[in-house]
Amino acid sequence: MTIKLTHHHLSAEQVNDEHGEAIMLTQQDGIEEPQSVLVHPWQLRAVCEQFGIIASDSQAAKTIATLQRRMVGLRDRIDDLADWMAKHSDHAHADLSYETTQLRALQDLAGEWCADFEEGLPEGFGEGLQPNTAPPECASAPTAQASLL
């Protein structure tokens, strides 16, 4: 199988020679003779990684782990806020339907974004405010504050 790519006067072609698989890069700019170089795929990858054109597997894994940790932390905080809104906010004296709707939307987004890396999370993680549930009767502010102590 031969793959050939041409872009901006540079062609790259996958070839097999007596040493195995290689990539032939050929540059032709104008009317002069084309210049070619034969490189091993790992050499080309190393050069691209060195110049930041592509990320190495270890760099990508570290970035993914960092982003996952941050997303789970954000989802934890959203779930905590949703739980507080459901149990302790003053639904009896204020219309918090807009705030509750926005919070549920954030919770849905965070849940969707974290859905692919659920393994390793504690059991019951993300089970905060559930859609279509009426807020519970809330205690007065002094009673709620005392319960936090």
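Reading the values: rules and limits
Residues numbered from 1 in each chain as written. Predicted model: local features only at pLDDT ≥ 70, side-chain atom pairs only at ≥ 80, totals over all residues. Heavy atoms only, no water. Helix = DSSP H or I, 4+ residues; strand = E, 2+ residues; numbered from the N terminus. Expected span 1.5 Å × (residues − 1). Buried < 20%, exposed > 50% of the residue type's maximum accessible area, 1.4 Å probe, protein only. Arc of directions from axis to C-beta. Contact = heavy atoms within 4.5 Å. pLDDT = per-residue confidence, 0-100. Salt bridge = Lys/Arg side-chain N within 4 Å of Asp/Glu carboxyl O. Patch = residues over 30% accessible without salt bridge, like charges linked within 9 Å, V, L, I, M, F, W, Y side chains within 5 Å. Areas by Shrake-Rupley, 256 points an atom, 1.4 Å probe, with all protein chains shown as cover. Core = buried A, V, L, I, M, F, W, Y, C linked by side-chain atoms within 4.5 Å. Polar contact = N/O pair within 3.5 Å; in protein donor to acceptor, adjacent residues only side chain to side chain.

Novice: Which residues make up helix α3 (residues 97-114), and what are the values?
Specialist: Across its 18 residues, α3 extends 25 Å between first and last C-alpha, which sits within 8% of the 26 Å expected from 1.5 Å per residue. Those residues of α3 lying buried are T100, L103, R104, Q107, A110 and C114. For α3, the buried positions fall inside an angular range of 130 degrees around the axis, keeping them on one side. With respect to the buried face of α3, the exposed residues turned more than 90 degrees away are Y98, D108 and E112. Against the buried residues of α3 lie α2 (57-88).

Novice: Would you mind going over the confidence of the model for the protein chain in detail, with residue names and values included?
Specialist: Mean pLDDT for the protein chain: 77, with 75% of residues reaching 70 or above. Ignoring residues within four places in sequence, the model shows residues 125-142, a span with pLDDT below 50, making 24 contacts including any to other chains. Ignoring residues within four places in sequence, the model shows residues 144-149, a span with pLDDT below 50, making three contacts including any to other chains.

Novice: Residues and numbers for the pattern of salt bridges, please.
Specialist: One pass over the structure, following the stated rule, counts two salt bridges. For R45, the salt bridge identified is with E49, shortest N-O distance 2.9 Å. Pair noted here: R45 and E49 are both in helix α1 (residues 41-50), with a separation of four residues, about one helical turn. Residue R45 is classed as partly exposed on the basis of its relative accessible area, which comes to 28%. Between K87 and D83 there is a salt bridge, with the nearest N and O atoms lying 3.0 Å from each other. With a gap of four residues between them, K87 and D83 both fall in helix α2, about one helical turn apart. A relative accessible area of 45% means that K87 is categorised as partly exposed.

Novice: So what's going on with a nonpolar patch on the surface? Residues and values would help.
Specialist: A surface patch of nonpolar side chains, amounting to about 420 Å² of accessible area, comprises V47, F51, I53 and I54. Within the fold, I53 resides in the loop between α1 and α2.

Novice: Account for α2, naming residues and giving values.
Specialist: End to end, α2 covers 46 Å across 32 residues, agreeing with the expected 46 Å (1.5 Å per residue, within 8%). Listing the buried residues of α2 in full gives T66, V72, R75, I78, D79, A82, M85 and A86. In this fold, the buried residues of α2 make contact with α3.

Novice: Let's hear about the nonpolar core: which residues, and what values?
Specialist: Residues I78, A82, M85, L96, L103 and A110 constitute the largest nonpolar core, which totals six residues. When residues of this core are traced back to their parent elements, those giving at least two are α2 and α3. Top element by residues in this core is α2. It accounts for three residues.

Novice: How would you summarise the environment of H93 if you had to cite specific residues and measurements?
Specialist: With respect to the helices, strands and loops of the structure, H93 is situated in the loop between α2 and α3. With a relative accessible area of 69%, H93 lands in the exposed category. Separated by 2.8 Å, the side chains of H93 and D90 make a polar contact.

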